[in-house]
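# Coordinate inspection notes
The primary structure of each chain is shown beneath.
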Amino acid sequence: MGVVSSYENQIIKKLIFAFKYQSIISVQTPLSFLIKKFLDSSCFFKDLDKEKTVVIPVPLHKIKRRQRRFNQAELLAKKVAIDFSFSYSEKAVIKIKNNPPQAKIKHPEARKENIKNTFKVIRKEEIKNKIVILVDDVYTTGATMEEIANILKDAGAKKIIGLVLASGG
């Protein structure tokens, strides 16, 4: 798991909030810069085989995506793929259930239950035998990452690496 910052950092928290809930897309630039700086300093990411690595964002349900007009994880994931010459797939995994937002659920077990059976791999050929970098904005209890990692493993992914802007919250 790669974590760029703590969600306790008020600047990061405000940037993510502006990006995610106020549709200030220009915030993508400084956030992407932070991710790139973090990955540049990580020897772990430098050693990944570019031919066998694919970057995938945590997907939004189509209803939420229409409301928000973009997926913040998708914008960040695309930038990671471009910056490090990895392949990218926004369609390998989809969100099939429009469940309540995880941010509104505080108890870890309730979060796990809320996110259960919410995602589906629809392009197995894009992840089979690949190292998958799964990108999201915030990691709180890990329920979302864990749920997607499990379906990616079941679909044949060789390894899953979570990459988030901030943990905590």
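Here the structure is a predicted model, which means the values were calculated and not measured.

Time to look at the sheet that holds strand β1 (residues 2–6). Spatial ordering of the open sheet is given by β1-β7-β6-β2-β3, a layout of 5 strands whose pairing is parallel. Strands with a single pairing partner mark the edges of an open sheet, and in this sheet they are β1 and β3 (87–88). Running at roughly 165° to strand β6 (residues 131–139), helix α7 (residues 143–154) makes contact with β2 (53–57), β6 and β7 (159–167) of the sheet.

The final tally for this structure, using the stated rule, is 3 aromatic pairs. Ring centres of F84 and F86 lie 6.3 Å apart, and the angle between their planes is 20°; this geometry places the pair in the stacked category. Taking the ring centre of F86 as reference, the NZ or CZ of K50 above it sits at 5.0 Å.

The subject of this paragraph is the side chain of T53. With respect to the helices and strands, T53 occurs in strand β2. Given a relative accessible area of 0%, T53 falls into the buried group. Setting aside its immediate chain neighbours within four residues, T53 contacts L48, F86, S87, K130, I131 and I133.

What follows concerns the environment of P57. Positionally, P57 belongs in strand β2. Counting along the chain gives 79 residues from P57 to D136, while the straight-line C-alpha distance between them is 6.2 Å. If we ignore the near neighbours within four places in the chain, the residues touching P57 are A73, E74, A77, Y88, S89, E90, L134 and V135.

Each value, and the rule that gives it
- Residues numbered from 1 in each chain as written.
- Predicted model: local features only at pLDDT ≥ 70, side-chain atom pairs only at ≥ 80, totals over all residues.
- Heavy atoms only, no water.
- Pairing = 2+ DSSP bridges.
- Helix = DSSP H or I, 4+ residues; strand = E, 2+ residues; numbered from the N terminus.
- Contact = heavy atoms within 4.5 Å.
- Axes fitted to C-alpha atoms, helices over the stretch in contact; angles between N-to-C directions.
- Phe/Tyr/Trp six-rings, centres within 6.5 Å; stacked < 30°, edge-to-face > 60°.
- Lys NZ or Arg CZ within 6 Å of the ring centre and 35° of its normal.
- Buried < 20%, exposed > 50% of the residue type's maximum accessible area, 1.4 Å probe, protein only.

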